[in-house]
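Residue-level listing of the chains:
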Amino acid sequence: VTRLMCMGAQFSMTPFLMMIYVVNPKAMHRFVGYLEQTACETYHNVISHLETPGTRLHAEWSGLPAPEIAKGYWKLPDDATWLDTLRCIYADESHHRDVNHTFASMASDDPNPFVHMHKEDAARAWKLEQAQRLLREHRHGSSASST
């Protein structure tokens, strides 16, 4: 039932929100910025409780390991915890909040202030991926030649 309710909400809200974006993109960016701000406040609250000894969240979650998908996505170390994961999610939500509020405040012909940062991130990711591929090839070549 819950899944159907979520799907129904998405089915009804998506066209509505898309129409708002078409008519007034700034209003939609501002709305999403406020949604992201609410998410930031929620994550801040959860992290604060998780870091505070004596709270139920600290007792239940402080020893949980980070999920493997989170370790891969955020390049977390093998010993990462659920708290590390929540901090990464919080940082992402903060960035989304800031980006949406920035777009809500810009004129329609202003240049995107995030393009340079995204190009740098893409170049860094490409170099990291290339280095990892070369390392795998080197290890594979070394193990093949030693047999």
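Placed above this text is the structure.
**Observations concerning helix 2 (residues 25–51)**
The end-to-end C-alpha separation of helix 2 is 38 Å, in line with the 39 Å expected for 27 residues at 1.5 Å each. Listed as buried for helix 2 are M28, H29, G33, E36, A39, C40, I47 and L50. Buried residues belonging to helix 2 abut helix 1 (2–23), helix 3 (56–61) and helix 5 (82–105).

**Observations regarding unusual backbone geometry**
The phi dihedral of K75 falls on the positive side, at around 55 degrees, and the residue is not glycine. By the secondary structure assignment, K75 is in the loop between helix 4 (68–74) and helix 5.

**Overview of the layout of surface pockets**
There is about 340 Å³ of room inside the largest pocket. If you trace the largest pocket, you find 13 residues lining it, with Y73, W74, D92, D121 and A125 closest to the centre. Every element with two or more residues in the lining of the largest pocket is listed here: helix 4, helix 5 and helix 6 (115–145). For the lining of the largest pocket, the leading source of residues is helix 6, giving seven residues. Here the residues of the lining of the largest pocket are counted per class, giving five nonpolar, four polar and four charged.

**Some remarks on the packing of helix 2 against helix 5**
Running from N to C, helix 2 and helix 5 cross one another at 155 degrees; their axes reach a closest spacing of 8 Å. In terms of axis orientation, helix 2 runs roughly antiparallel to helix 5. Crossing geometry of helix 2 relative to helix 5 is assigned as left-handed. For the contact of helix 2 with helix 5, a count of residues per class yields 15 nonpolar, nine polar and seven charged.

What counts and how
Residues numbered from 1 in each chain as written. Predicted model: local features only at pLDDT ≥ 70, side-chain atom pairs only at ≥ 80, totals over all residues. Heavy atoms only, no water. Helix = DSSP H or I, 4+ residues; strand = E, 2+ residues; numbered from the N terminus. Expected span 1.5 Å × (residues − 1). Buried < 20%, exposed > 50% of the residue type's maximum accessible area, 1.4 Å probe, protein only. Contact = heavy atoms within 4.5 Å. 1 Å grid on protein atoms, 1.4 Å probe; cavity = no way out; pocket = protein on both sides within 12 Å on 5 of 7 lines; lining within 4 Å. Points joined across faces, edges and corners; volume = space filled by probe spheres on them. Nonpolar A, V, L, I, M, F, W, Y, C, P; charged D, E, K, R; others polar. Axes fitted to C-alpha atoms, helices over the stretch in contact; angles between N-to-C directions. Parallel < 35°, antiparallel > 145°, perpendicular 65-115°, else oblique. Left-handed = near helix turned anticlockwise from the far one by under 90°.

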